[in-house]
Every structure is written in structure tokens, then in C-alpha cells.
Amino acid sequence: MKTIIEPFRIKSVEPLRQTTREEREQVLRQAGYNLFLVPASEILIDLLTDSGTSAMSTEQWAAMMRGDESYAGSESYFRLKRVVENLTGFRHVIPTHQGRAAERILFTCLCKPGHVVPNNTHFDTTRANIEFTGAEAVDLPLPEAADTQAALPFKGGMDVAALERLIEERGRARIPLIMLTITNNSGGGQPVSMADIEAVSRAARRHGIPFYIDACRFAENAWFIREREPGYGAWSPFDIARKMFSLADGCTFSAKKDAFANIGGLLCTNDDSLARQEKDLLILTEGFPTYGGLAGRDLEAIAVGLQEVLDPDYLRYRIASTTYLGRHIASGGVPIVEPPGGHAIYIDAGRMLPHIPRHEFPGQSLAIELFLHAGIRSVEIGSVMFGSHARNELLRLAIPRRVYTQSHIDYVVEAILEVHARRHELRGYRIVEQPEFLRHFSCRFEPL
Ligand code: F0G
């Protein structure tokens, strides 16, 4: 059957508030046309991010009641550690309050000025944390990924030839680690094949450079490998994920994505002396190494979520639902980053709105119109976010896990197609007020 159904039913519901276009216009004016400044209570369908926005299961809520809130040696920590060791094989499992805290600790221990850290594509916090140490963050995406319309099965990988050139040019001693972001969020949510992970791992091992995975969406990546990479069709997502982790020396992880948790992160490594340094730093800002800035109940939610996320029924539904959104808007003529990614659909707003030049922010214009038209919140990933470094003018529709039903997705499809039909009427915006850093979070706009 081709109808997509959620492999769960609903036990607890949250009302969504319908607003009128006039109300939304007023809210937007007050927010300076920046959707980050709109209160969540004014949003009907919130596709701002898939991070920390998951619905937890009854098993997660039940486990939270079991949370052991002991300061040191909490039973909840040992339960989480067993689950993570079993999944990743990493010897040291350090909880943190979210992914970027794990990044900050890892890079503080390993990086210094003059160093270079390659990645398929650094997420903004990863890049910022590397640059904060004085090191340089270098993106080495596959050259094919530059074409948003090329529908390749594994567009998220790293250009290994470019990696070899970088190691040759800069020297092994200046590269403290190699990272691979799985799936490639800033690169359209595209997966990385097992063959590509193996190639990066081989290069890292040959040069004696530690290899770390940014594992935020590891389960979605495992599902893509099962579906698309020859030889893995009969593997379980768990076995694929385990093999992915076995190729690395450690990982950073935001439990706000593929662990269905509302908060939390992990830093894992096989390096004993590095783990000691990391735990020393952890105590300074996050907390004792058996809780790392989290409550015992959060550790429980992560432990259960990490097991649930690898359920094939869940992953099949998850990827099918995201693909459905992508396919339906694409077949209505909306240019999206092809093929649809795991956690989000990215609309190529630059292509959809060629009458709005880059400096008038086509992605922002589309985000605003989608909110005005249908109460949907999305996020611009283009010149507002990255200034002159933006490669494309994209709009990301990130899908929270287990939160919205298929009819919500149908509503989003309909809304986007209606906005697309009137795309010639959309206007550009200009920024009238902005902070020095990370302007997209708080800048204010005016319509042109
Ligand atoms: N790495 C990747 C690939 C991410 O997508 C994120 C967060 C992080 C690291 C940082 O994790 O938020 O727990 O500190 N991405 C969110 C997003 C914020 O909307 O894509 P965090």
C-alpha cells in the first residue's frame, strides 16, 4: 500500500492555534519580519528545526521517572553508557548538554591556531567552535553536490581526493582531526555512503589522523545506506550504524536529533588520554562526567531514544514522509535540492524567485510568505544566514520527529504550491537592523 501511516498513535495532544492573515501580518511587523522573533504560540506548523522538537514515546516518559538524580555515578548514566557502547563501540561516553558543548570540548582539547579541520560540510556551530580555537574549518563537499538539481543517492560525502591534497599541502601535523557530518545538514540533509565513510576512514588511518563523526542524524543515514547502497538491503539499521561508528575514533552527537530527546548530547572517543582531558574540561562548564549538564531523567530519555530511532518501521516512515513532501512540491514545479534529504526539504528559493536578487533575500521572502499564507515557520539558509559566503539561496523545511501527521504534511504541500502559483508577486526585503555576529537570529527586515 502506498498510503504513509505513522507507526505510532497519539496519547497526548497539544492544540495548534489557527490565526488569520491579518493577525499574522501584525505579528510579523512586530517581529521585524524575522521568524526567529515570532512567539511559537503564533505558529501553526513549526518547521524551523528538527532539533529538540521531537515527540517522546511512552517508553521515554516512563524511563524518565526512573531517572537517578545522583550527582556522581548515577544509574541512569550507566544505562546510557551501555546503550552507547553497544551501538558505537566507543570506550569513553561523555554526556553534554547538547551537541555544540561536545564540539567545544573536543576542539578545545585538539585544536590551536595554525590547525586545519576538514569536514564534508561543517555545521555552523562546528565551524564556530573550531574557529574560536584559532584553527581553520575547511569544507570539502563532493563537487557533484554543488548542483542542487543532481539527484545522486549519496550527495553528502567528502571529496577524498581534496582531503588527500589538503593533507599533502598543510601537512599531517597541522590536521588534528578529520570530521564527517552524517547526514550532511548544511549540504541539504544528504546522506554519506558506507563506501565514502570507509574511504575517509582509510585516508585518516593511513596518515595517522583521528577521525570523528558528527553523528546527529546517524539513524537516518543508516536507513539511506540500507535503501540505496548495494549490499546493505538485508542489514538492520542497527548493524549499519554500528559499522559506521566502527570506522571512526570517536563522535560528537546532538541527542536533540536522532535520539528523540528535547535536550542532550554526547562526546565519545577511544583515546584514553584525550578522554581524561575532556572530562577535566567538562567539569568546568558542564558538570560531573556522569551527568555532563543533564538531569538523570534526560540521560534515560536519550538511552531509550537511541534504541527506538533504529526501528525499521520508524525510519521507513520518517524517510518516506520527508520524501513525500519533497516529491509533491517538486512535481508541482517547486525547485528543491534533489534528492529529498532525511530530516528536511530545502527549496531553492534563488531559482524559484529569480526576480528577487540575492541581496534582497529570496529565501527570506519565501519564508515570510509561507508564514503569512499558512502559518508555517521555516528558515532561510542563504544570504541572510551566511552573508556573502552563501552558496545558494535556500529555504529549509525541517521536520520534527513524530510530531506532525501526514495530513499536516499535506497541508504544507498545499500551502507551498499555492505560494508557488503566486511567486511573481513576492517582493524582496532589506535588513534595517543587525547584530555583529549570527545576524539571522535577531536582525530586523523591511519589505521593499
Ligand atoms: N552538528 C549538526 C550537523 C547539527 O545539525 C547541529 C544542530 C549540531 C551539530 C549542533 O547540535 O544544536 O545540539 O548544539 N543543528 C540544529 C539545526 C540546530 O537546526 O540544524 P546542538
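Small disclaimer: the values here were computed from a predicted structure and weren't measured.

(A) Focus on unusual backbone geometry. Each neighbour pair has its own omega, and for Ile182 with Thr183 the value is -15°, a cis peptide bond. Note that Thr183 resides in the loop between strand S5 (178-181) and helix H7 (194-207). Residues Glu338 and Pro339 are joined by a peptide bond in cis, for which omega reads -10°. Looking at the secondary structure, you find Pro339 in the loop between helix H12 (312-331) and strand S9 (344-348). Non-glycine residue Tyr33 carries a positive phi angle of around 60°.

(B) Just the environment of Met352, in detail. Positionally, Met352 belongs in helix H13 (residues 349-352). In this structure Met352 comes out as buried when scored by relative accessible area, which is 3%. Taking the C-alpha atoms as reference points, Met352 and Phe288, separated by 64 residues in sequence, lie 50 Å from one another.

(C) Summary view of the site of the ligand. The ligand sits among 17 residues. The nearest are Thr49, Arg100, Asp214, Ser254 and Lys257. The backbone of Gly99 places a nitrogen or oxygen atom 2.8 Å from an oxygen atom of the ligand. Element by element, the count of residues in the shell around the ligand is highest for helix H4 (residues 99-110), at 3 residues. When grouped by side-chain class, the residues that make up the shell around the ligand number 2 nonpolar, 8 polar and 7 charged.

So, how was this worked out
Residues numbered from 1 in each chain as written. Predicted model: local features only at pLDDT ≥ 70, side-chain atom pairs only at ≥ 80, totals over all residues. Heavy atoms only, no water. Helix = DSSP H or I, 4+ residues; strand = E, 2+ residues; numbered from the N terminus. Buried < 20%, exposed > 50% of the residue type's maximum accessible area, 1.4 Å probe, protein only. Near = heavy atom within 4 Å. Polar contact = N/O pair within 3.5 Å; in protein donor to acceptor, adjacent residues only side chain to side chain. Nonpolar A, V, L, I, M, F, W, Y, C, P; charged D, E, K, R; others polar.

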